[in-house]
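# A look at the structure
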Amino acid sequence: MSQNNLKNEDQVNEMLPVSQLAILGLQHVLAMYAGAVAVPLIIGGAVGLTPDQLAFLVAADLFTCGIATLLQAIGMGPYIGIKLPAILGCTFAAVGPLIIIGKNLGMQTAYGSIIVAAIIVVLVAPLYGKILKFFPTVVTGTVVTMIGLSLVNVGVSSIGGGSGAKDFGSIQNLLLAAFVMIVVLISNKFLKGFLQAVSVLNGIILGTIVAAFMGRVDLSVVANAKWISLVHPFNFGLPKFDLGSIVMMTFVMLTVMIESTGTFLGIGKVCEKDITEKDIVRGLRAEGIATLLGGIFNSFPYTTFNQNLGLLALSKVKSRFVVVASGIILVALGLIPKFAALATIIPQPVIGGATTIMFAMVAVAGIQMLQSVDFNSNANMMVVACSIGLGLGITTVPTLFDQAPTFFKSIFSSGIVTASVVAVILNAFLNHDNKEVKSDIKQSLDSEVV
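The rules behind each value
Residues numbered from 1 in each chain as written. Predicted model: local features only at pLDDT ≥ 70, side-chain atom pairs only at ≥ 80, totals over all residues. Heavy atoms only, no water. Helix = DSSP H or I, 4+ residues; strand = E, 2+ residues; numbered from the N terminus. Contact = heavy atoms within 4.5 Å. Areas by Shrake-Rupley, 256 points an atom, 1.4 Å probe, with all protein chains shown as cover. Patch = residues over 30% accessible without salt bridge, like charges linked within 9 Å, V, L, I, M, F, W, Y side chains within 5 Å. Salt bridge = Lys/Arg side-chain N within 4 Å of Asp/Glu carboxyl O. Buried < 20%, exposed > 50% of the residue type's maximum accessible area, 1.4 Å probe, protein only. Expected span 1.5 Å × (residues − 1). Arc of directions from axis to C-beta. pLDDT = per-residue confidence, 0-100. Core = buried A, V, L, I, M, F, W, Y, C linked by side-chain atoms within 4.5 Å. Lys, Arg positive; Asp, Glu negative; His and termini not counted. Disulfide = S-S within 2.5 Å. Polar contact = N/O pair within 3.5 Å; in protein donor to acceptor, adjacent residues only side chain to side chain.

## Concerning the overall build of the protein chain
- Secondary structure summary: the protein chain contains 19 helices and two strands in total.
- Excluding contacts between residues fewer than 6 apart, the proportion of contacts in the protein chain whose partners are at least 24 apart in sequence is 85%.
- Within the structure as shown, the protein chain displays about 18800 Å² of accessible surface, and the carbon and sulfur contribution to it stands at 67%.

In structure tokens, the structure reads:
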């Protein structure tokens, strides 16, 4: 291993003071919190669950997010966990299919399909690792870029006040989000070291304080929340198994694997660490086990969150123990709803002002990866243009596939998944005879156990 790689390994494994780990870990939790709780709220609301059941889903989700993050960042021996600063959360790719299954066949069948699909991911991860030659820089750079671009609209929607807000786009919302963005920018410009690294948290805290003076913060949510809420398995009953549901969820998880590959490479780029076939397989195994835990503990399929990739790039703190701290905080939030409620008082414009910058940073990381691609080649230009064009098109016009078969729509309603699939297929077709096209993923040594 080169001296440079050794240095980067040291940064990834650096143990910071506990106080810094706690604050940096909290910053990551706040950055991903809205996305983490959105999936259970959307699915639970769509299938008609009661408020108490929704609250249980959110607690279960946060608890399992924490366990899954610890599994990915700490790892289990040489086989499970990528051991990088990666945070896991529920994937949005599974929302559509799970609503369909939950409405028609019930939550027990939904959890049965999740459990079986998770086992399949764990089993096929090594096979998936053998086809990583289909992920050269032109593909992975495109996927990472698309991840960032597709999420920007989520941040901008929050700037306006959140989808469906009565005051969407109000001057108050816009000024509040602008204030947060200015704080983040000033923190990056004038502060140094640790204070610069927590620039996003600075923006969120100061933005929430300003919002409180504007009468935008409701503390009654915290006052009414319970102190303790235990998460227990199979709250909706023992899982039921339906072949069609299992096939649908398995296909969703296979597409999530492509998305996660791009996220792993983006994290590797930020951490300046070469990502190997072995790393990808270990990371996907961890996601499969996390999804299995989700099926058992009444949560949903998990993926490595790309929201936090932007924060990594912004903070420049590469220690995986920061996200270990995040995992511990998430477990605590799942068990102590009163603490979890603190995160719910942050107004949407505050979240939007911070996350819009972070999501755009993910796109920038992808563009940096694409810098090494030979764009004198028409094939490479077509791969990137078609993938991003279709991915962005579906992101901005989500009703495009409303007339398509439900199975097709449930898969390709995600711009990230669409761009990933198109990039892989077009690269295989257009660059199959181009030996100069190389993968960003380093092949593991034959002596390594994948």
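## Remarks on a nonpolar patch on the surface
- Together, Phe179, Ile205, Leu206, Ile209 and Phe213 give the surface a local cluster of nonpolar side chains, amounting to about 500 Å² of exposed area.
- Examining the composition of the nonpolar patch, we find that four residues originate from one element, helix H9 (residues 199-213), more than from any other.
- Mapping phenylalanine 213 onto the fold places it in helix H9.

## Examining the side chain of serine 326
- Its place among the elements puts serine 326 in helix H14 (residues 320-335).
- Serine 326 gets classed as buried once you look at its relative accessible area, which sits at 0%.
- Once residues lying within four places of it in the same chain are set aside, the contact partners of serine 326 are Gly25, His28, Val29 and Ile87.

## Quick notes on unusual backbone geometry
- Of note, phenylalanine 234 is a non-glycine position whose phi angle comes to about 50°, a positive value.
- The residue phenylalanine 234 is located in the loop between helix H10 (220-224) and helix H11 (243-271) in this model.
- Classification of phenylalanine 234 by relative accessible area gives partly exposed; the value is 30%.
- For asparagine 298, which is not a glycine, the phi torsion comes out positive at approximately 65°.

## Quick word on the environment of serine 199
- Mapped onto the elements, serine 199 comes out in helix H9.
- Remark: the alpha-carbon pair of serine 199 and asparagine 188, spanning eleven residues in sequence, is separated by 6.3 Å.
- Residues in contact with serine 199, not counting those within four places in the same chain, are Gln27, Val184, Ser187, Asn188 and Leu314.

## Observations regarding helix H7 (residues 171-190)
- Its 20 residues give H7 an end-to-end C-alpha distance of 28 Å, which sits within 8% of 28 Å, the value for a rise of 1.5 Å per residue.
- What H7 keeps buried is the set Asn173, Leu176, Ala177, Val180, Val183, Val184 and Ser187. For H7, the angular spread of buried residues about the axis comes to 115°, placing them on one side. Of the residues in H7, the exposed ones pointing more than 90 degrees away from the buried face are Ile171, Leu175, Leu185, Lys189 and Phe190.

## What about the confidence of the model for the protein chain?
- Residues of the protein chain with pLDDT of at least 70 account for 88%, and the chain-wide mean is 81.
- In the model, residues 444-449 has pLDDT below 50 throughout and makes seven contacts with residues more than four positions away in sequence or in other chains.

## A word on the pattern of salt bridges
- Enumeration according to the criterion identifies four salt bridges in this entry.
- Among the salt bridges present, the one from arginine 216 reaches aspartate 167, with a minimum N-O distance of 3.8 Å. Placement of the pair is arginine 216 in the loop between H9 and H10 and aspartate 167 in the loop between helix H6 (137-160) and H7, with a sequence separation of 49 residues.
- For aspartate 167, a relative accessible area of 33% puts it in the partly exposed group.
- Salt bridges sharing partners connect three or more residues here, namely Lys273, Asp279 and Arg282.

## A closer look at the nonpolar core
- Counting residues in each nonpolar core, the largest one holds 116 residues, and the members touching the most others are Leu98, Tyr128, Met249 and Phe300.
- Residues within four places of leucine 98 in sequence aside, it is in contact with Ile43, Ala110, Ser113, Ile114, Met249, Phe300 and Pro301.
- Phe56, Ala60, Val231 and Val331 belong to the second-largest nonpolar core, a separate cluster that totals five residues.

## Examining the side chain of glutamate 287
- Positionally, glutamate 287 belongs in helix H12 (residues 277-296).
- Despite its burial, glutamate 287 pairs with no opposite charge, the nearest such side chain being arginine 285 at 12 Å.
- Glutamate 287 has contacts with Gln72, Leu88, Val256, Ser260, Phe264, Tyr302, Thr303 and Thr304, leaving out every residue within four places of it along the chain.

## So, the state of the cysteines
- Summed over all chains, the structure comprises zero disulfides.
- Cysteine cysteine 65 is unpaired, with the sulfur of cysteine 90 as its nearest cysteine sulfur at 5.3 Å.
- A residue is classified by how much of its surface remains accessible, and cysteine 65, at 0% relative accessible area, is buried.

## A short note on the environment of asparagine 298
- Topologically, asparagine 298 is positioned in the loop between H12 and strand E2 (302-304).
- With a relative accessible area of 1%, asparagine 298 lands in the buried category.
- Put simply, asparagine 298 and glycine 237 are 61 residues apart on the chain and 9.7 Å apart in space, counted from C-alpha to C-alpha.
- For asparagine 298, the contacting residues outside a window of four places in its chain are Phe56, Leu57, Ala60, Tyr111, His232, Pro233, Phe234, Asn235 and Phe236.
- Of the polar contacts made by the side chain of asparagine 298, one reaches the backbone nitrogen of asparagine 235; its length is 2.7 Å.

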